[in-house]
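Working through the structure, step by step
Read off the chains here:
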Amino acid sequence: MDPKARKTALRGIVYGLYVVGTTGEQGPNAFAANWLTQVSFEPPRVALAAKKGSRAEGEIAASGVFSVNFLPTGAKEFAQTFFGPVHEEEGKLGGYPFRLGVTGCPIFEDAVSYIECRVVERLDVGDHVLYVGEVVDAGVHREGVETLTLRETGFYYGG
Ligand SMILES: Cc1cc2nc3c(=O)[nH]c(=O)nc-3n(C[C@H](O)[C@H](O)[C@H](O)COP(=O)(O)O)c2cc1C
C-alpha cells in the first residue's frame, strides 16, 4: 500500500469537530474529537474513538459516560482549547462556562446543542478505543445554527 495515498484517501472522510465531556476523580474534563458518528436510530447510539491511554479515555472507561458538545460554525478557538489539558476554574473549563449534565459530564453554555451518553460497548480498535454510547439526554441551546466542521478549521486528525 502507498502510505501517501492511504493518508490522502482517509483524509477524504468528512468530519465534524466536537468537544467531548468526561468526568473523573480530577473533576470534569473535556477534549476535542472528530472521530464520532451516529450508529443507530433505535436505540439512539453514537460511536466515539478515544485515544488509548489519554486522561479522557480512562475517565470514559471508569465512569461509563460522556457528553458531546456541538460547537457553532466559526468556533475554531473554542475547539483548539481542548486539544490540550484544561483546568476547571470558577465554573469554567478551559475558560468556557459549563454546567454538569445528568451524567455528570460538562455541558458548555456556548455549544449549539449537546448529547449525553452511557457507554454500552467498548472495543479496542488499535491506538484508540471505540465507545458506543446510548444517548440518554440531549438539548439545544440555539436553533438553526450550523455546527463546526473539521474542514473549516484546517485541522486534520486522520490518515
Ligand atoms: C483536529 C484534532 C482532532 C482530534 N480528534 C480526536 C478524536 O477523535 N479522539 C481522540 O481521542 N482525540 C482526538 N484528538 C486529540 C485530543 O483532542 C487530545 O489532544 C487528546 O485526547 C489528549 O491526549 P493526551 O492525554 O495523550 O494528551 C484530536 C486532536 C486534534 C488536533
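- Under an unreviewed UniProt entry, the name given to the protein chain is Flavin reductase (DIM6/NTAB) family NADH-FMN oxidoreductase RutF, and the organism recorded is Brockia lithotrophica.
- Entered under Sequence similarities (unreviewed entry) in the UniProt record, the comment concerning the protein chain runs "Belongs to the non-flavoprotein flavin reductase family."

**Overview of the site of the ligand**
- Taken together, 17 residues sit near the ligand, with Ala32, Asn34, Ala49, Lys51 and Phe83 positioned nearest.
- For the ligand, an oxygen atom lies 2.8 Å from a polar atom in the backbone of Ala32.
- Within the side chain of Asn34, a nitrogen or oxygen atom sits 2.9 Å from a nitrogen atom of the ligand.
- Taken by itself the ligand offers 630 Å² of open surface, and the protein chains cover 78% of this.
- Among the detected pockets, the ligand sits in the largest pocket.
- Elements with a minimum of two residues in the shell around the ligand: β2 (27–33) and β4 (45–51).
- Each residue belonging to the shell around the ligand can be placed in one class, and the counts come to 12 nonpolar, three polar and two charged.

**What to know about the environment of Ser40**
- Take Ser40: it is sitting in strand β3 (residues 36–40).
- For the pair Ser40 and Glu134, spaced 94 residues apart in sequence, the C-alpha to C-alpha distance is 9.0 Å.

**Observations regarding unusual backbone geometry**
- For the peptide bond that leads from Glu42 to Pro43, omega is 0 degrees, which places it in the cis range.
- Backbone geometry places Glu90, a non-glycine residue, at a positive phi of 50 degrees.
- Its place among the elements puts Glu90 in the loop between β6 (88–89) and β7 (92–93).

**Structural notes on the pattern of salt bridges**
- Tallying each qualifying case throughout the model produces four salt bridges.
- Among the ionic pairs, Arg45 bridges to Glu134, the shortest N-O distance being 2.8 Å. Of the two residues, Arg45 sits in strand β4 while Glu134 sits in strand β11 (residues 128–140), which places them 89 residues apart along the sequence.

**Regarding the sheet that holds strand β10 (residues 113–124)**
- The strand order across the open sheet built from seven strands is β2-β1-β5-β10-β11-β4-β3, with neighbouring strands paired in antiparallel fashion. The sheet is open, and its two edges are formed by β2 and β3, each paired on a single side. Sheet twist, expressed as the mean angle between neighbouring strand axes with direction ignored, is 35 degrees.
- Where β3 and β4 come together, four bridges link them in antiparallel fashion. Bridge pairing in β4 places Thr37 opposite Ala47.
- Against the sheet, helix α2 (residues 55–63) engages β1 (18–24), β2, β4, β5 (65–70), β10 and β11, with an angle of about 120 degrees to β2.

Calculation notes
Residues numbered from 1 in each chain as written. Predicted model: local features only at pLDDT ≥ 70, side-chain atom pairs only at ≥ 80, totals over all residues. Heavy atoms only, no water. UniProt positions renumbered as here; feature names shortened; annotations may be inferred. Near = heavy atom within 4 Å. Polar contact = N/O pair within 3.5 Å; in protein donor to acceptor, adjacent residues only side chain to side chain. Areas by Shrake-Rupley, 256 points an atom, 1.4 Å probe, with all protein chains shown as cover. 1 Å grid on protein atoms, 1.4 Å probe; cavity = no way out; pocket = protein on both sides within 12 Å on 5 of 7 lines; lining within 4 Å. Sits in = over half its atoms within 2 Å of the grid points. Helix = DSSP H or I, 4+ residues; strand = E, 2+ residues; numbered from the N terminus. Nonpolar A, V, L, I, M, F, W, Y, C, P; charged D, E, K, R; others polar. Salt bridge = Lys/Arg side-chain N within 4 Å of Asp/Glu carboxyl O. Pairing = 2+ DSSP bridges. Axes fitted to C-alpha atoms, helices over the stretch in contact; angles between N-to-C directions. Contact = heavy atoms within 4.5 Å.

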